[in-house]
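# Summary of structural features
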2 protein chains.
Amino acid sequence: MHPANHTKDQRVCARRDQIIAASRLCFRKHGFHGAGMAEIARLSQLSVGQIYRYFVNKDAIIEEIVRRIVCKKIQIMTGDAHNLKQMASNLAHRVIGMQNVDYSQVDCPELSLEQNEIDHALMLEVTAEATRNPVVEKILRDADAKLFSEAKSMMRPYYPQMPEEQFTARLEVLAVLCEGTAFRRLTHKHADAETLRAIYIQLFNTLFTDYSPPHTAEN
Amino acid sequence: MHPANHTKDQRVCARRDQIIAASRLCFRKHGFHGAGMAEIARLSQLSVGQIYRYFVNKDAIIEEIVRRIVCKKIQIMTGDAHNLKQMASNLAHRVIGMQNVDYSQVDCPELSLEQNEIDHALMLEVTAEATRNPVVEKILRDADAKLFSEAKSMMRPYYPQMPEEQFTARLEVLAVLCEGTAFRRLTHKHADAETLRAIYIQLFNTLFTDYSPPHTAEN
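What you are looking at is a predicted structure, and each value in this text was computed from that prediction instead of being measured.

Helix and strand counts for chain A stand at nine helices and zero strands. Counted from the first residue to the last, chain A has its helices and strands arranged as α-α-α-α-α-α-α-α-α. For chain A, the proportion of its 219 residues judged to be buried stands at 49%. Long-range pairs, those at least 24 residues apart, make up 65% of the contacts in chain A between residues at least 6 apart in sequence.

Below, the structure written as structure tokens:
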């Protein structure tokens, strides 16, 4: 690549990062619907015209934010998606993401605990917006499909005996548990973490470890 | 009660209903944050001053909307909260609420399927708003506490042997499954309903029916 192009690419990336960071702040503060391009521009220290050079509209910004959140989630679960004991503990403690990350050891600022909280709030925004905006609904569906398929290819090798439809359905229930837990994070926790953790271990045994096909006779 | 007062009470109720109906529309369309009192007034065919006579601010309107949704949810689950087979089927089909209601038989228009969809979208809005507004966070927590305690007193008599903390934790997991399912309603359904239903029946057995205390020796 020509050095001039390299610099240009870097500049485009930096500008996009700048706009995404400003948009995240703006969406957090006013919601997607309440946030305007003018304020996003002001926070990015760019003109509205410049913003449109990098993103065709607000939906395109939402798409990029969701894409980055999904990438982070995939990065977090890599290599540890099959660790059901860890996941039971995470659900019991209402830890978002697929595993316990020692955030002090992560040098990428995007992976900080605080950014994680903001990601969670933004995903709530996206889901609320998806109920009224078909473009955002599609963004949400595509993001979930990507995350689901990543989780599936990571966990599938550990359960080679399980029929495909059974494995997929059990993974769907796992997704329901993860998202239900995230959704309930602001509500009062009715049970202590240790009791919950033991129950989740039981449930995961039922879902994955203890699985046996309903008909044992093959032919 | 004096007839004049009775009429006055009725008028207050009618006005409040009118404002709530307009606010639901408005919040659905623009989100809580994007919706203004001016548009709520316009849709209610009242002046902004009149609105403030019935609700001190937008948060008070949100509170009343959530209160009504919780009342409806309690009404729907009354008498059938212990029907776990029905609930397994509802979760598998992503039916919102605690049981299958034959909506054609319900004469209250507030209980219609369409209103139920709107309720779901509004609860997403409330949860997103709760991440940035402590007043709304409290409304959400109080609503959940009320719903949880109602579900508990309905289901508790069916599991008299289960220790309190175990029962509460298992009910919390049930709430996670219900809300996770509602939250995932817009995503692609990765598994067919019949496979999911059978899995939920298994999970409910693990959670409730097959429960045995960890130490069988009492003393």
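Once the structure has been displayed, the description carries forward.
Let's shift gears to the interface of chain A and chain B. Each partner contributes residues to the interface: chain A has 52 residues there, and chain B has 52 residues. The tally of links from chain A across to chain B stands at ten salt bridges. A salt bridge links Glu-125 of chain B to Arg-132 of chain A; its shortest N-O distance comes to 2.7 Å. Taken together, the links from chain A to chain B amount to 27 residue pairs in polar contact (both at pLDDT 80 or more). Contributing elements (two or more residues each) for the side of chain A that touches chain B: helix H1 (3-34), helix H6 (113-130), helix H7 (134-155), helix H8 (164-183) and helix H9 (193-209) of chain A. At 14 residues, the largest contribution of residues to the side of chain A that touches chain B is made by H8 of chain A.

Here the focus is the packing of helix H4 (residues 58-77) of chain B against helix H7 (residues 134-155) of chain B. Residues and elements named next belong to chain B. Interhelical geometry of H4 versus H7 gives an angle of 15° and a closest axis separation of 10 Å. With respect to H7, the axis of H4 lies roughly parallel. Crossing hand, H4 versus H7: right-handed. Mapping the contact onto sequence places Asp-59, Ile-62, Glu-63, Val-66, Val-70, Lys-73, Ile-74 and Met-77 in H4 and Val-135, Val-136, Ile-139, Ala-143, Lys-146, Leu-147, Glu-150, Ala-151 and Met-154 in H7. Across the contact of H4 with H7, the residue classes break down as twelve nonpolar, no polar and five charged.

Moving on to the relation of the copies chain A and chain B. Mapping chain A onto chain B calls for a rotation angle of 180° and an axial translation of 0.0 Å; the resulting RMSD is 0.0 Å. These values place the two chain copies in the arrangement generated by a two-fold rotation axis. Minimal C-alpha separation from the rotation axis in chain A is found for Gly-180 of chain A, amounting to 1.7 Å. Interface residue correspondence from chain A to chain B reaches 100%, placing this contact among same-surface, isologous pairings.

Nonpolar side chains in soluble globular proteins generally cluster together in the buried interior. Ranked by internal contacts, the top residues of the largest apolar core, which has 122 residues, are Ile-61, Tyr-200 and Phe-204 of chain A together with Ile-61 of chain B. What Ile-61 of chain B contacts, discounting residues up to four positions off in sequence, is Ile-19, Ile-20, Ser-23, Phe-27, Met-37, Ile-40, Ile-51 and Phe-55 of chain B. Counting residues in each nonpolar core, the second largest holds six residues, with Phe-183 of chain A together with Leu-124, Ala-128 and Phe-183 of chain B among its members.

Among all residues except glycine, the phi angle is most often negative; among peptide bonds, the trans geometry is most common. Positive phi, normally seen in glycine, also occurs at Arg-94 of chain A, with a value near 55°. The phi dihedral of Gln-45 of chain B falls on the positive side, at around 55°, and the residue is not glycine. If you trace the backbone, Gln-45 of chain B turns up in the loop between helix H2 (37-44) and helix H3 (48-54).

Let's shift gears to the packing of H9 of chain A against helix H9 (residues 193-209) of chain B. Relative to each other, H9 of chain A and H9 of chain B sit at 145°, their axes nearing to 10 Å. Note on packing geometry: the crossing formed by H9 of chain A with H9 of chain B is right-handed. Residue-level contacts link Ile-199, Gln-202, Leu-203, Thr-206 and Leu-207 of chain A of H9 of chain A to Ile-199, Gln-202, Leu-203, Thr-206 and Leu-207 of chain B of H9 of chain B. Residue composition of the contact of H9 of chain A with H9 of chain B, by class: six nonpolar, four polar and no charged.

For the coordinates displayed, the defined rule picks out eleven aromatic pairs over all chains. By the ring-pair criterion, three or more aromatic residues cluster together here, those being Tyr-159, Phe-167 and Phe-208 of chain A.

With that settled, consider the pattern of salt bridges. Residue and element names in this part refer to chain A. Tallied over the entire structure, the rule returns 36 salt bridges over all chains. Here Glu-117 and Arg-185 are joined by a salt bridge, their closest N and O atoms 2.6 Å apart. Residue Glu-117 is found in helix H6, and its partner Arg-185 is found in the loop between H8 and H9; the two are separated by 68 residues along the sequence. Residue class for Arg-185 comes out partly exposed when judged on its relative accessible area of 22%. It is possible to trace a salt-bridge network through shared partners that takes in Arg-16, Asp-17, Glu-64, Arg-67 and Arg-68.

With that settled, consider the side chain of Glu-172 of chain A. Within the fold, Glu-172 of chain A resides in helix H8. Side-chain polar atoms of Glu-172 of chain A contact the side chain of Arg-94 of chain B, separated by 3.2 Å. Once residues lying within four places of it in the same chain are set aside, the contact partners of Glu-172 of chain A are Phe-148 of chain A together with Arg-94, Arg-184, His-188, His-190 and Leu-196 of chain B.

Let's shift gears to the UniProt feature "DNA-binding region" (unreviewed entry) in chain A. Per the UniProt annotation, the sites labelled "DNA-binding region" (unreviewed entry) are residues 36-55 of chain A. Helix makes up 75% of residues 36-55 of chain A and strand 0%, and the two end C-alpha atoms of the span are 14 Å apart.

Time to look at H9 of chain A. When the terminal C-alpha atoms of H9 of chain A are compared, their 22 Å separation across 17 residues agrees well with the 24 Å that a helix rising 1.5 Å per residue should span. Of the positions making up H9 of chain A, those classed as buried are Ala-193, Thr-195, Leu-196, Ile-199, Tyr-200, Leu-203, Phe-204, Thr-206, Leu-207 and Phe-208 of chain A. Tucked into the core, H9 of chain A has its buried residues touching helix H5 (84-92), H7 and H8 of chain A together with helix H8 (164-183) and H9 of chain B.

Locating Arg-94 of chain B in the fold gives a position in the loop between helix H5 (84-92) and helix H6 (113-130). A residue is classified by how much of its surface remains accessible, and Arg-94 of chain B, at 12% relative accessible area, is buried. At a separation of 3.2 Å, a polar atom in the side chain of Arg-94 of chain B contacts the main-chain carbonyl oxygen of Arg-184 of chain B. Excluding its chain neighbours within four sequence positions, the residues that come into contact with Arg-94 of chain B are Glu-172 of chain A together with Thr-181, Arg-184, Arg-185, Thr-187, His-188 and Lys-189 of chain B.

All names here are of chain A. Inspection of the secondary structure assignment puts Phe-167 in helix H8. Among the residues examined, Phe-167 registers a relative accessible area of 0% and is labelled buried. Put simply, Phe-167 and Met-155 are twelve residues apart on the chain and 9.4 Å apart in space, counted from C-alpha to C-alpha. If we skip the residues at most four places from it in the chain, Phe-167 touches Lys-152, Met-155, Arg-156, Tyr-159, Met-162 and Phe-208.

Rules used in this analysis
- Per chain, the residues get numbers from 1 upward, laid out in the order the sequence is written.
- Chain A is the first chain written and ligand 1 is the first ligand written, with later ones labelled in order.
- The model is predicted, so local features are restricted to residues of pLDDT at least 70 and side-chain atom pairs to those at 80 or more, both for listing and for counting; the totals for chains, interfaces and linings are taken over all residues.
- The basis for the side-chain values is all heavy atoms of the structure; hydrogens and waters are excluded.
- Strands are runs of DSSP state E lasting at least 2 residues, helices are runs of H or I lasting at least 4, and numbering of each runs from the N terminus.
- Exposure is judged per residue with a 1.4 Å probe applied to protein chains only, and the accessible area is read against the type maximum: over 50% gives exposed, under 20% gives buried, and values in between give partly exposed.
- The contact criterion used throughout is that any non-hydrogen atoms of two residues lie within 4.5 Å.
- A pairing counts as a salt bridge when a side-chain nitrogen of Lys or Arg comes within 4 Å of a carboxyl oxygen of Asp or Glu.
- Pairing of N or O atoms within 3.5 Å defines a polar contact, subject to two protein rules: one partner must be a possible hydrogen donor and the other a possible acceptor, and residues neighboring in sequence count only if both atoms are side-chain atoms.
- Where helices are involved, their axes are fitted lines through C-alpha atoms of the stretch in contact, as for all axes, and angles between N-to-C directions lie from 0 to 180°.
- Should an angle fall under 35 degrees it is called roughly parallel, over 145 degrees roughly antiparallel, and 65 to 115 degrees roughly perpendicular, with every other angle called oblique.
- Whether a crossing is left-handed or right-handed is set by the direction in which the near helix is turned from the far one by less than a right angle, anticlockwise for left-handed and clockwise for right-handed.
- Residue classes follow a fixed rule: Ala, Val, Leu, Ile, Met, Phe, Trp, Tyr, Cys and Pro count as nonpolar, while Asp, Glu, Lys and Arg count as charged, and any other residue, Gly among them, counts as polar.
- Superposing copies: least-squares fit, C-alpha atoms only, residues required to have pLDDT of at least 70 in both.
- Only buried Ala, Val, Leu, Ile, Met, Phe, Trp, Tyr and Cys residues count toward a nonpolar core, and they belong to the same one when joined by side-chain atoms within 4.5 Å.
- Pairing of aromatic rings covers Phe, Tyr and Trp, the last counted by its six-membered ring, and requires centre-to-centre distances within 6.5 Å; plane angles under 30 degrees mean stacked, over 60 mean edge-to-face, and any other angle means tilted.
- UniProt positions are given in the numbering used here, feature names are shortened, and annotations may be inferred rather than shown by experiment.
- Each helix should span, by expectation, one fewer than its residue count multiplied by 1.5 Å.

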